[in-house]
Amino acid sequence: MRTLFALLCLLSSPVAAQDRAGEFDYYVLSLSWSANWCALEGDERGSPQCDPSADFGWILHGLWPQYERGYPANCATSERPPSRSDTGAMADIMGTSGLAWHQWRKHGVCSGLSSDDYFALSREAYGRITRPEVFRQLTRDVTLPATLIEEAFMRDNPSLQADQITITCKSDHIQEARICMTRDLQLRRCGDDVIRDCAMTDAVFNAMR
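Rules used in this analysis
- Residues numbered from 1 in each chain as written.
- Predicted model: local features only at pLDDT ≥ 70, side-chain atom pairs only at ≥ 80, totals over all residues.
- Heavy atoms only, no water.
- Disulfide = S-S within 2.5 Å.
- Helix = DSSP H or I, 4+ residues; strand = E, 2+ residues; numbered from the N terminus.
- Buried < 20%, exposed > 50% of the residue type's maximum accessible area, 1.4 Å probe, protein only.
- Contact = heavy atoms within 4.5 Å.
- 1 Å grid on protein atoms, 1.4 Å probe; cavity = no way out; pocket = protein on both sides within 12 Å on 5 of 7 lines; lining within 4 Å.
- Points joined across faces, edges and corners; volume = space filled by probe spheres on them.
- Nonpolar A, V, L, I, M, F, W, Y, C, P; charged D, E, K, R; others polar.
- Axes fitted to C-alpha atoms, helices over the stretch in contact; angles between N-to-C directions.
- Parallel < 35°, antiparallel > 145°, perpendicular 65-115°, else oblique.
- Left-handed = near helix turned anticlockwise from the far one by under 90°.
- Arc of directions from axis to C-beta.

Draft legend 1. A look at the state of the cysteines. Following the criterion strictly, the structure yields four disulfides and no others. C180 shares a disulfide with C190; S-S distance 2.1 Å. Taking the torsion about the S-S bond as the criterion, the C180 to C190 disulfide, at about 110°, is right-handed. Here C190 lies in the loop between strand 5 (173-181) and strand 6 (203-205) and C180 lies in strand 5, a separation of 10 residues in the sequence. Classification of C190 as buried rests on a relative accessible area of 0%. When the bonded cysteines of the protein chain are numbered from the N-terminus onward, they pair as 1-2, 3-4, 5-8, 6-7.

Draft legend 2. Region of the structure containing the environment of T182. Mapped onto the elements, T182 comes out in the loop between strand 5 and strand 6. For T182, a relative accessible area of 22% puts it in the partly exposed group. Sequence-wise, T182 and D43 are 139 residues apart; in three dimensions their C-alpha atoms are separated by 35 Å.

Draft legend 3. Here's a closer look at unusual backbone geometry. Here the phi dihedral of S171 falls at roughly 50°; this positive angle occurs in a residue that is not glycine. Tracing the backbone shows S171 in the loop between strand 4 (165-170) and strand 5. Unlike most non-glycine residues, D172 shows phi in positive territory, near 70°.

Draft legend 4. Summary view of the side chain of T168. As for its placement among the helices and strands, T168 is situated in strand 4. Accessibility expressed as a relative area gives 10% for T168, which makes it buried. Ignoring sequence-local partners within four residues, the contact set of T168 consists of H173, I174, Q175, E176, R178 and C198.

Draft legend 5. How the structure looks around empty space enclosed by the protein. For the coordinates displayed, the defined rule picks out one cavity of 30 Å³ or more. Each pocket or cavity is described by its volume, and for the largest cavity that value is around 90 Å³. S34, A35, C38, Q49, C50, D51, A54, F56, M208 and R209 are the residues that line the largest cavity. Its residues assigned to classes, the lining of the largest cavity comprises six nonpolar, two polar and two charged.

Draft legend 6. Highlighting the packing of helix 5 (residues 97-106) against helix 6 (residues 115-128). Orientation of helix 5 relative to helix 6, taken along the N-to-C sense of each, is 110°, at an axis distance of 11 Å. As summarised for this structure, helix 5 and helix 6 are arranged roughly perpendicular, according to the angle between their axes. Considering the relative orientation of helix 5 and helix 6, their crossing is right-handed. Counted together, A100, Q103 and W104 of helix 5 and S115, Y118 and F119 of helix 6 form the full contact between these two elements. Here the residues of the contact of helix 5 with helix 6 are counted per class, giving four nonpolar, two polar and no charged.

Draft legend 7. How the structure looks around helix 7 (residues 146-156). All of the buried residues along helix 7 are A146, I149, E150, A152 and F153. Projected down its long axis, helix 7 shows its buried positions confined to an angular sector of 160°, all on one face. Against strand 1 (26-33), strand 2 (58-66), strand 3 (142-144), strand 4, strand 5 and strand 6 lie the buried residues of helix 7.

Written out as structure tokens, the structure is:
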């Protein structure tokens, strides 16, 4: 009897709606400081992004479709997946082709775009933001307030406002700079769930190798 009751409750419960490709409100452009990612994860994985000959600073982690609260992921799409050459062509700004593939499968499929158009839009968004060169000049690892990262981005991007960018931390390191953009890549205010600035005053920031 209990089993029958549980089944009836399940059948009467609303089914969660599947995220639909192309149905979202804005984008989050996520930029990751390569040296920090390598120190936390990449070196252990033997990622080519962390090879001493690599010259990565702020890489494109992804361009994420976003709702005003929450975000879609793994949407069903009729678009063909990117080829190896397609993802390989993104490695110059994303570090590896594997990251490009992962970003397409989780986020790109929700954009409503073809993989070619999604990667082209991601590259355009990345190019619209000036990545502060001051961090490339570090000769040693330092600790600093996370607010300094945000201030540097706003200094080098005069139209960028404090409520349009958030800095995240992970394992006591600066992790990412996340910048909010409209669907046509204009700067806009981030949703309340995205504005979660790291409050650390002594976050680790690794110098480039």
